[in-house]
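Below are the chains, spelled out letter by letter.
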Amino acid sequence: MPLDPSYAGRSYPPDSAYAVSRAKIAEFADAIGDANPLYHDPEAARAAGYPDVIAPPTFLTVVNLRAINVIVSDPELGLDYSRMVHGDQNFVHTRPVHAGDVIELTTHIDEIMTRAGNDFITLRAEITDAEGEPVCTTRAQLVVRGEGA
C-alpha cells in the first residue's frame, strides 16, 4: 500500500518536553565511543564557555526518533514499517544542546513522493528550548521499499 500523499504538509505539535541531563549525554557519548571531555566533564565544558556539558551533534536523534515513530505508526499513513529503511538524516544546529536544556519538537512531513516503485517521506523537526528559541532543525528521509524492491 503506498503512502498517503495527503499527509505532506502536516505538522505535529510537541506532545511533551524532554529534559536533557548529564547522564543521558554521557550515555549517548559512551554509546558512540566519543570520550570528548565536553560531553563528560562539566568543568571542561564551562572552561570552553558552555553552561554545562554539551551533547554530541547527533544526540537529538534520541528525542527525534520518538516523534518520528508517532508519525510512521499512524495506520492511515499507510507505511509498512517492515519495508522501511533510513535514507538520510541531517542536523542544522543553532547552538549546542547542553545539560539542563528542556527541549520540544514540532515535527513536519515536508514531502511524500514515489520513485522507482519506492515511497519516500521527508520529515523535519524544529527543536526549541524552554524559551521557544531555536536549537536545531533535523531532517530525515525514510524509504519504504516497494513490493518488487
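Structure: see above.
Residues numbered from 1 in each chain as written. Predicted model: local features only at pLDDT ≥ 70, side-chain atom pairs only at ≥ 80, totals over all residues. Heavy atoms only, no water.

(A) Expanded view of the overall build of the protein chain. Scanning the protein chain from N- to C-terminus turns up 3 helices and 6 strands. The N-to-C order of helical and strand elements in the protein chain reads β-β-α-α-α-β-β-β-β. For the protein chain, the C-alpha atoms occupy an extent of roughly 55 × 30 × 20 Å along the three principal directions. Partitioning the intrachain contacts of the protein chain with sequence separation of at least 6 by distance along the chain shows that 67% fall at a separation of at least 24. The averaged location of the 22 negative side-chain charges in the protein chain is 2 Å from the averaged location of its 11 positive side-chain charges. (Helix = DSSP H or I, 4+ residues; strand = E, 2+ residues; numbered from the N terminus. Contact = heavy atoms within 4.5 Å. Lys, Arg positive; Asp, Glu negative; His and termini not counted. Charge placed at Lys NZ, Arg CZ, Asp CG, Glu CD.)

(B) Structural detail: the pairing of strand β4 (residues 102-115). Direction of pairing for strand β1 (residues 11-12) relative to β4: antiparallel, over a ladder of 2 bridges. Paired with tyrosine 12 across the strands is threonine 107, a residue of β4. Note that strand β2 (residues 18-19) and β4 share 2 bridges and pair antiparallel. Across the sheet, tyrosine 18 pairs through a bridge with isoleucine 103, a residue of β4. (Pairing = 2+ DSSP bridges.)

(C) Just the nonpolar core, in detail. Core analysis: the biggest nonpolar cluster contains 23 residues, and Val20, Ile25, Phe59, Leu60, Ile103 and Ile127 have the highest contact counts within it. Of all elements in the fold, only α1 (22-31), α3 (61-72), β4, β5 (118-128) and β6 (134-144) reach the threshold of two or more residues within this core. Looking at this core, the element that brings in the most residues is α1, giving 3 residues. Excluding anything up to four places from it in sequence, isoleucine 103 contacts Ser16, Ala17, Tyr18, Val20, Leu60, Val63, Ile127, Thr128 and Asp129. If you look at the next biggest cluster of nonpolar residues, it comprises 16 residues, including Met84, Ile109, Ile112 and Val144. (Core = buried A, V, L, I, M, F, W, Y, C linked by side-chain atoms within 4.5 Å. Buried < 20%, exposed > 50% of the residue type's maximum accessible area, 1.4 Å probe, protein only.)

(D) Up close: the pairing of β5. Among the 11 residues in β5, 9 count as buried, and that is most of the element. Examined bridge by bridge, β4 and β5 share 11 bridges and lie antiparallel to one another. Bridging across to β5, glutamate 111 finds its partner in threonine 122. Adjacent in sequence and paired antiparallel, β4 and β5 are bridged by 2 residues, among which alanine 116 carries a positive phi angle near 50°. Of the pairings in the sheet, the one linking β5 to β6 comprises 10 bridges and is antiparallel in character. By the bridge assignment, leucine 123 is partnered in β6 with alanine 140. Taken together, β5 and the strand that follows it, β6, pair antiparallel across an intervening segment of 5 residues, in which glycine 132 is found at a positive phi of about 85°.

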